[in-house]
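Here are the chains, one letter per residue:
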Amino acid sequence: MSTSPRPVVVAPSILSADFARLADEAERMKASGADWLHVDVMDGHFVPNLTVGPPVVKALRGVSELPLDCHLMIEDPFAYAPRFVDAGAHGITFHVEVGGDLRGLCERIRAAGVRAGAALKPATPPDAVFDLLDVLDMVLVMTVEPGFGGQAYMADMGPKISAVREAIGERPVDLQVDGGLNPETVRHAAAAGANVIVAGSAVFRAPDAAAAIEALRAGASAYPA
Ligand code: DX5
Ligand code: ZN
């Protein structure tokens, strides 16, 4: 069970938004009680899908006060992280599977005043982030195979979420989950130790986004961190 003092954060993923009306969608999320906006960046190589890049982050930055939580599902975060910093990202999360000098990457992101996050695909063991915890602001445990919204939550990620939470200990590091989160599955993730909840379809496809965000927050808070 979690012992973290971190507050619950709900971050709707714009992957499920109406891309033709992104400013309106960002405003709708703010009005509905979202804490952050989650921006899924895909390069067609690290994952078999393509989405948005720094220009869209910059445009969102100009129309929304919500912190922009950028999830980089790309092969070369070393080359592109600075562009997301310049575009106004609040946080930049890279995938550890890309390898290389991840500690240096975290240090460069943080030196720019931006939060550094490290993400784990479902098959990647939790200890892949343990050596980075002192230079991280957040760990992201993927609860679907990255690439697409609308997939089913992988409940077998529970032990990995718990293992990361235990390794974090008293460090000021958030534990994010992403993929298949809804007001029911969020309880499982939060019980295992997650405190930052990403949700795409459960928020954007809901008839009432504010009610959906509130239900996610309530579910995540049912297990006090
Ligand atoms: C998947 C993305 C997720 C996705 C979540 O690769 O990282 O952020 O948008 O969508 P849902 O909540 O619909 O599973
Ligand atoms: Zn994501």
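Residues numbered from 1 in each chain as written. Chains lettered and ligands numbered in written order. Predicted model: local features only at pLDDT ≥ 70, side-chain atom pairs only at ≥ 80, totals over all residues. Heavy atoms only, no water.

Caption draft 1: Structural context of the packing of aromatic side chains. Inspection of every chain in the model, using the stated rule, returns zero aromatic pairs. Over the aromatic face of F46 sits the side chain of K121, whose NZ or CZ is 5.0 Å from the ring centroid. (Phe/Tyr/Trp six-rings, centres within 6.5 Å; stacked < 30°, edge-to-face > 60°. Lys NZ or Arg CZ within 6 Å of the ring centre and 35° of its normal.)

Caption draft 2: Layout of the site of ligand 1. Neighbouring residues of ligand 1: 20 residues in total, closest D40, G147, D178, G200 and S201. G147 places a polar main-chain atom, nitrogen or oxygen, 2.7 Å from an oxygen atom of ligand 1. G180 places a polar main-chain atom, nitrogen or oxygen, 2.8 Å from an oxygen atom of ligand 1. In the complex, the protein chains occlude 100% of the 380 Å² of accessible area that ligand 1 would expose alone. (Near = heavy atom within 4 Å. Polar contact = N/O pair within 3.5 Å; in protein donor to acceptor, adjacent residues only side chain to side chain. Areas by Shrake-Rupley, 256 points an atom, 1.4 Å probe, with all protein chains shown as cover.)

Caption draft 3: Molecular detail of the coordination of the zinc ion (ligand 2). Around the zinc ion (ligand 2), the donor atoms from the protein are H38 (NE2), D40 (OD), H71 (ND1) and D178 (OD), and they sit 2.0 to 2.3 Å away. Because the angles between the six donor atoms bound to the zinc ion (ligand 2) fall within 69 to 168 degrees, the donor set is best described as octahedral. Binding-site remark: the zinc ion (ligand 2) is held by donors from one chain whose sequence spacing is H-x1-D-x30-H-x106-D. Of this pair, H71 sits in strand 3 (residues 68-73) while D178 is found in strand 7 (residues 174-178), placing the two residues 107 residues apart along the sequence. The same class applies to H71 as to D178, namely buried. (Donors = N, O, S within 2.8 Å, 3.2 Å for Na, K, Ca; no water. Tetrahedral: all angles 85-135°; square planar, octahedral: opposite > 155°, others 65-115°. Helix = DSSP H or I, 4+ residues; strand = E, 2+ residues; numbered from the N terminus. Buried < 20%, exposed > 50% of the residue type's maximum accessible area, 1.4 Å probe, protein only.)

Caption draft 4: Main features of the packing of helix 3 (residues 77-87) against helix 4 (residues 102-111). One can describe the packing of helix 3 onto helix 4 by two numbers: an axis separation of 10 Å at closest approach and a directional angle of 10 degrees. By the criterion of interaxial angle, the relationship of helix 3 to helix 4 is roughly parallel. Note on element contacts: helix 4 touches helix 3 through L102, L105, R108 and I109, opposite P77, F78 and A81. A class-by-class count of the residues in the contact of helix 3 with helix 4 yields six nonpolar, no polar and one charged. (Axes fitted to C-alpha atoms, helices over the stretch in contact; angles between N-to-C directions. Parallel < 35°, antiparallel > 145°, perpendicular 65-115°, else oblique. Contact = heavy atoms within 4.5 Å. Nonpolar A, V, L, I, M, F, W, Y, C, P; charged D, E, K, R; others polar.)

Caption draft 5: Fine view of the pattern of salt bridges. All chains considered together, the criterion is met by seven salt bridges. A salt bridge links R217 to D35; the nearest nitrogen and oxygen atoms lie 2.8 Å apart. Of this pair, R217 sits in helix 8 (residues 209-221) while D35 sits in the loop between helix 1 (22-31) and strand 2 (37-42), and the two are 182 residues apart along the sequence. (Salt bridge = Lys/Arg side-chain N within 4 Å of Asp/Glu carboxyl O.)

Caption draft 6: Examining the nonpolar core more closely. Counting 61 residues, the largest nonpolar core has M29, V139 and I161 as the members making the most contacts within it. Ignoring any residue separated from it by four or fewer positions in sequence, one finds V139 in contact with A118, L120, V129, L133, V164, V173, D174, L175 and Q176. (Core = buried A, V, L, I, M, F, W, Y, C linked by side-chain atoms within 4.5 Å.)

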